[in-house]
Amino acid sequence: MSKIKLIGIQSVILLFILCLIPNIWYLNIFLNGDEKVISKTYAVGLQETTDGNIDYFMEVNLYDNLFEIKFNYLMDETQSSLYSQGVQIFGDIEFEQTTGNFQLEDKHQVGGSTLWKDFEYNQYKTYDLTSGDYYNYQSYDNYETTTNSTNPIDEDTYFKIQLGNDTEKEIFLMKFKGDNTPFNSDTYLGYDTWKDGVFGRTDHLVNYYIHYDINYLLNILYNSVQSLPAGTNQSVVFEFGDLFDYYEYDESSSTYVGEPVSLDKASLIINDTKSYYAIKVSVNEGDALKSSDSIFNCIAGNSNYNATGDYDSEDYFIGKTMIVCTYSYFDFVQISENNYAFKLKQSFIDYLNLPQNKNKIVLKIEINLDDLNNLGYIFVGFTEDSGLSNFEILECYTLETIDNELIKTVVDYE
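Here the residue index of a chain counts from 1 through its sequence in written order. Restriction of local features to residues with pLDDT of at least 70 applies here, the model being predicted, together with a cutoff of 80 or more for giving and counting side-chain atom pairs; totals for whole chains, interfaces and linings are based on all residues. To get the side-chain values, all heavy atoms of the structure are used, and hydrogens and water are removed first.

**Q** Explain the pattern of salt bridges residue by residue, including any values.
**A** Between Lys or Arg on one side and Asp or Glu on the other, a salt bridge is scored when a side-chain nitrogen of the former is within 4 Å of a carboxyl oxygen of the latter. Scanning the model with the defined rule gives eight salt bridges in all. Across the pair Lys 160 and Glu 77 runs a salt bridge whose closest N-O atoms are separated by 3.4 Å. One end of the pair, Lys 160, is in strand S10 (residues 159–164); the other, Glu 77, is in the loop between strand S5 (66–74) and strand S6 (82–98), and 83 residues separate them in sequence. Close ionic contact of Lys 177 with Asp 242 constitutes a salt bridge, the shortest N to O distance being 3.7 Å. Runs of H or I in DSSP of at least four residues are treated as helices and runs of E of at least two as strands, each being numbered from the N terminus.

The following block contains the structure:
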């Protein structure tokens, strides 16, 4: 046997042994190993900017007719300022667990023959708001200025937050697991079956699992704080389990890791991931009656909401309804190329002039330049016959993101 062939055979044998060792180790663990638990805990509490501004990452506010969750998070990695978004549910509040618009996922054949087959599916269920009105607000100045969100919270929303203790904090991106929610015993809800095919001999089984998203968080927090007495106004620690994905910030490359922070996934090792959140909770007796009862200073999209029946001399808009007019309320009049002036739609003017509405409606004009730029339009003001001068205007302004900050600019409408 040649020397080269001998070396080749020895190399193959060595490679086989190297591959065999981890398989033997894995089999030994599987058959004889003790179950191990790897625990990773995320503690989320106060968020602090470089100039010492401190706020809770999450705040909850509850009345009989109002439920709110507010998120305060870092605007960028300089940690110099906080931004805020939040969800408000107003009215009679009820959630119902449904399959929503989810498609049957992870279909696989589990048995059968050439004449019929047995299929199994996995499908998510979420919590839908079946009663109550849903609002999403945003603010850069802790809701001294409140606007409807231009980027509503969903399962793809990332929050830039600080994790750690008071002396050492790291920056992470956090998001709901959403479609990364695992199909396992922790999220299992139950199953359903049906038959079809020739003589009804094709069996189908669908397993239902929790879908970790904003609606799930709203539901569990809403039900959880019901047990707290009216007058509660304090920090409460909640355990959420494996509800979120976390992405660690790499300061050297100024990027976040491409995959969520993960743990060892070897067999017989349980990932015991817990998230402990210190949340400021306010529980109030009775109904919310004024916009100041809201942590957003706004109820049902109205910063002047007042259902108390009592008014003082500073209530300028007594008995009036405010409508926030975005660009969808206007016709676009082309001035040149991509430049457009705005004019109130005639259908909206007709609505304002109805007897039951005339002199009872106040307008707030809010033009989001970011949205318009994405659509390819450049806003250059209002036409001379815009129709705005015929109605009462509370404010008229544009919103535009400049250097990661949402800038509000007053605009002349006359």
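On we go.
**Q** Give a description of the sheet that holds strand S22 (residues 378–382) that names residues and reports values.
**A** Following DSSP output, two strands are said to pair if at least two bridges run between them. Taken in spatial order, the three strands make up an open sheet running S19-S20-S22, and their pairing is mixed. Across the chains shown, the open sheet's two edge strands, defined by having one partner strand only, are strand S19 (330–336) and S22. This sheet shows a mean twist of 40° between the axes of neighbouring strands, independent of strand direction. Bridge analysis of strand S20 (residues 339–344) against S22 gives three bridges, and the strand direction is parallel. Note on S22: the bridge partner recorded for Phe 342 is Phe 382. To define axes, lines are fitted to C-alpha atoms, for helices over the stretch in contact only, and angles between the resulting N-to-C directions are given on a 0 to 180 degree scale.

**Q** Give a detailed account of the nonpolar core, specifying residues and quantitative values.
**A** The definition of a nonpolar core used throughout is a set of buried Ala, Val, Leu, Ile, Met, Phe, Trp, Tyr and Cys residues joined through side-chain atoms within 4.5 Å. Think of it in three bands: residues with accessible area under 20% of the maximum for their type are buried, residues over 50% are exposed, and the middle band is partly exposed, with areas taken using a 1.4 Å probe on protein chains only. Among the nonpolar cores identified, the biggest contains 46 residues, and Phe 57, Phe 67, Phe 71, Leu 221 and Tyr 277 are the most heavily contacted of them. Only heavy atoms matter for contacts: two residues are in contact if any of them lie within 4.5 Å across the pair. If we ignore the near neighbours within four places in the chain, the residues touching Phe 67 are Val 60, Asn 61, Leu 62, Val 87, Gln 88, Ile 89, Ile 93, Leu 218, Leu 221, Tyr 222 and Val 225.

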